[in-house]
Amino acid sequence: GVENVSIVEGGTIVTNGIRVTTDTALKVKLTTGYGYVKPVITNISDANIVASEVDAENNIWEITGFTTEFSFTAEAEPTDFAVRINTLSLDTNDVLTTDENSAMLLQNGSSLVGSKAKYLSVVNYVASVQTAGYVFYGWFTGVESAEGKITNYGTLVSEELAYDHTVLADISLTAIFKFTEVTI
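The structure contained in this document is the topic of the report that follows. Small disclaimer: the values here were computed from a predicted structure and weren't measured.

### Some details on the pairing of strand E13 (residues 122-128)
Sheet topology note: the strand E10 (residues 102-107)/E13 ladder contains five bridges and is antiparallel. Looking at E13, one finds that Ala103 is bridged to Ala127. Relative to strand E18 (residues 162-166), E13 runs antiparallel, the two being bridged by five bridges. Each residue of the ladder has a partner; that of Tyr125, found in E18, is Tyr163.

Structure representation (structure tokens):
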């Protein structure tokens, strides 16, 4: 979450924490790591001490009400990343068809509501063959199509009907189903 706490005003960093050089207010900047936003100060060791955000854009907090040593925790929320799902059904010539095969996104065993998931959470992509004659071909990212035909399959991510993905950034996966010719 929070990678760094730096002093803006009223103190200096020392080996075991912060040395406060004022008796009125200490200002600190909270720096988050990749995948985290909205840093906050929590778990202040003294109930008389107040921490308030004074500059949301720069993540600067002011701490007041201290008279002696105190401690606090700096935390941050995981970022919400976009997770998208698409389905494509193709005939034997890679032409898009209107056949209904399906795919869904799950998180913690339930349908994912919306199209966002938190950084480092796990989403489950699940494909289901609904139309006779089709087989699941795989989960792909970067699929391109033009004039009703696949022009670029992109990158194969998984050939499994169910694919678990740890969210590290925005992602859009496409479940591709292909019609197979049956010879009798």
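### Topic: the packing of aromatic side chains
Summed over the entire model, instances satisfying the criterion amount to 14 aromatic pairs. Plain terms: the ring middles of Tyr125 and Trp139 are 5.4 Å apart, the flat faces sit at 65° to each other, and that makes the pair edge-to-face. Here Tyr125 is found in strand E13, whereas its partner Trp139 is found in strand E14 (residues 134-141), with 14 residues between them in sequence. The pair Tyr125 / Trp139 is uniform in exposure class, with both members buried. One aromatic cluster in this structure is built from Tyr125, Phe136, Trp139, Tyr163 and Phe177. When the ring centre of Tyr137 is taken as origin, the NZ or CZ atom of Lys178, which lies over that ring, is 4.3 Å away.

### Observations concerning the sheet that holds strand E17 (residues 155-158)
If you walk across this open sheet you meet the five strands as E12-E9-E19-E14-E17, and the pairing is mixed. The sheet terminates laterally at strand E12 (116-118) and E17, the two strands that pair on one side only. The sheet shows a mean angle of 40° between the axes of neighbouring strands, direction not considered. One ladder, built from three bridges, connects E14 with E17; its direction is antiparallel. Bridge pairing in E17 links Thr141 to Thr155.

Rules and cut-offs
Residues numbered from 1 in each chain as written. Predicted model: local features only at pLDDT ≥ 70, side-chain atom pairs only at ≥ 80, totals over all residues. Heavy atoms only, no water. Pairing = 2+ DSSP bridges. Helix = DSSP H or I, 4+ residues; strand = E, 2+ residues; numbered from the N terminus. Phe/Tyr/Trp six-rings, centres within 6.5 Å; stacked < 30°, edge-to-face > 60°. Buried < 20%, exposed > 50% of the residue type's maximum accessible area, 1.4 Å probe, protein only. Lys NZ or Arg CZ within 6 Å of the ring centre and 35° of its normal. Axes fitted to C-alpha atoms, helices over the stretch in contact; angles between N-to-C directions.

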